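# Examining the three-dimensional arrangement
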Amino acid sequence: MRTRAFLALPLVLLAATVTPLAAAAWDPGVAALQVGLHAHGLYAGPIDGITGPGTQKAIRKLQSHARIAVDGVVGPKTRRALGRFARHRLGQRPLRTGNAGWDVASLQFQLAEHGFPSGGIDGIFGPHIDGALRRFQKYAGLKVDGVAGPVTLAALRKPAAMIPVPLAWPLTMPVLGDRFGPRGDHWHPGIDLPAPLGTPAYSAHSGEVVWAGWRDGYGYLVTVAHGHGERSMYAHLSRIDVRVGVWVGKGVRVGLIGATGDATGPHLHFEVRIHGAAVDPLRALP
Ligand SMILES: [Zn+2]
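Fair warning: this is a prediction, and the values are worked out from it, not measured in the lab.

## Quick look at the environment of alanine 69
Tracing the backbone through its elements, the reader meets alanine 69 in the loop between α3 (53–65) and α4 (76–81). On the basis of relative accessible area, alanine 69 is assigned to the exposed category, the value being 56%. Sequence separation between alanine 69 and phenylalanine 116 is 47 residues; the distance between their C-alpha atoms is 38 Å.

Below you can see the structure in the form of structure tokens.
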């Protein structure tokens, strides 16, 4: 029993270190702050919603410039130091095309968290946010009007979608690269699995091939629809081995690893969507 107690300790510590990565530790308010600091030329780090050393340093610079207490704490005075950008907190006004600022950046980050990223997180409500917002509204069964009012914001406070069926790894020897979540000033909507060129990629679940061809950014892409609105996507392939309309079982080869589309090296970009919302594939993988 004693041995077991000793063994249990490292496991608990491990769980404590892994949890913040697995569960979303990102704060949309912090992301909005980072966008504001970036707009003021004080921050060049990632828009990841995490108050790390870079963000802390930028807050102190802002406070020093504004001649207020340099304590690294974001209170009303610090927010005011961001000027026009921080005038509105999320929920104080309906957001639509043409708006800009803290609340827009916060909305943009929340849309991304729910699987509807809109390019660079910049806090400027343009066509990119409008498109993502309308897709979210459709997904959530709301009126699709491109205006983020109280009903849309309430829907965004609900947890993001879950993957209903367990998936299999799409590679036999998966190595995890970039995860689902913030990456630079963008949102990475899937996981990256680096592998040598020509490594086979397999369907993570049975389903019908609904896309097998080139798609901007994704390069050669295979998309498999698994029913119940769930789809898995295999991107940057060097070769495609299936055709649209074909039914594939779990573990069927769909293509070979490549670096087509926006890829700096050979890897599989594996993305899972539920009714159009990109979800973290790691939550359904063994
Ligand atoms: Zn990727």
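Anyway, onward from the coordinates.
## With respect to the coordination of the zinc ion
Protein ligation of the zinc ion involves His188 (NE2), Asp192 (OD) and His269 (ND1), the donor distances falling in the range 2.0 to 2.1 Å. Spacing between the donor residues of the zinc ion along the chain follows H-x3-D-x76-H. With aspartate 192 in strand β3 (residues 191–194) and histidine 269 in strand β10 (residues 267–274), this pair connects stretches of sequence that are 77 residues apart. Histidine 269 shares its class with aspartate 192; the two are buried.

## Focus on the domain arrangement of the protein chain
Looking at the protein chain, the domain boundaries give domain 1 (28–157) and domain 2 (181–284). In this structure, domain 1 and domain 2 have C-alpha centres spaced 30 Å apart. Across the contact, 14 residues belong to domain 1 and 11 residues belong to domain 2. Taken as a group, Gly115, Pro117 and Tyr139 account for 33% of the area that domain 1 buries against domain 2, more than any other trio of residues on that side. Across the domain 1-domain 2 interface, the total number found is 4 residue pairs in polar contact (both at pLDDT 80 or more). With 3 residues, the single largest contributor to the side of domain 1 that touches domain 2 is helix α5 (residues 102–113). In the side of domain 1 that touches domain 2, the residues fall into 8 nonpolar, 4 polar and 2 charged.

## Considering the pairing of strand β7 (residues 230–240)
Summarising the sheet, strand β6 (residues 219–227) and β7 pair through 6 bridges and their orientation is antiparallel. Its bridge partner lying in β7, alanine 225 is registered against arginine 231. Counting the residues in the hairpin turn of β6 and β7 gives 2 residues, including histidine 228, whose phi is positive at 55°. One ladder, built from 6 bridges, connects β7 with β10; its direction is antiparallel.

## A short note on the nonpolar core
Counting 25 residues, the largest nonpolar core has Leu167, Val222, Tyr234, Leu268 and Phe270 as the members making the most contacts within it. Broken down by secondary-structure element, the contributors of at least two residues to this core are β3, β6, β7, β9 (253–257) and β10. Looking at this core element by element, the count peaks at 4 residues for β10. Dropping the residues within four chain positions of it, valine 222 is found in contact with Val209, Trp211, Ser232, Met233, Tyr234, Leu237, Ile240, Val242 and Val254. Formed by 23 residues, the second largest nonpolar core is a distinct cluster that contains Ala31, Ala58, Trp102 and Ala105.

## Looking at the packing of helix α6 (residues 127–139) against helix α7 (residues 150–157)
Interhelical geometry of α6 versus α7 gives an angle of 75° and a closest axis separation of 11 Å. Compared by their axis directions, α6 and α7 come out roughly perpendicular. In this structure, α6 contributes Leu133, Phe136 and Gln137 to the contact, and α7 contributes Thr152, Ala155 and Leu156.

How each quantity is defined
Residues numbered from 1 in each chain as written. Predicted model: local features only at pLDDT ≥ 70, side-chain atom pairs only at ≥ 80, totals over all residues. Heavy atoms only, no water. Helix = DSSP H or I, 4+ residues; strand = E, 2+ residues; numbered from the N terminus. Buried < 20%, exposed > 50% of the residue type's maximum accessible area, 1.4 Å probe, protein only. Donors = N, O, S within 2.8 Å, 3.2 Å for Na, K, Ca; no water. Domains from an automatic or database assignment. Contact = heavy atoms within 4.5 Å. Buried area = accessible area lost by both parts, 1.4 Å probe. Polar contact = N/O pair within 3.5 Å; in protein donor to acceptor, adjacent residues only side chain to side chain. Nonpolar A, V, L, I, M, F, W, Y, C, P; charged D, E, K, R; others polar. Pairing = 2+ DSSP bridges. Core = buried A, V, L, I, M, F, W, Y, C linked by side-chain atoms within 4.5 Å. Axes fitted to C-alpha atoms, helices over the stretch in contact; angles between N-to-C directions. Parallel < 35°, antiparallel > 145°, perpendicular 65-115°, else oblique.

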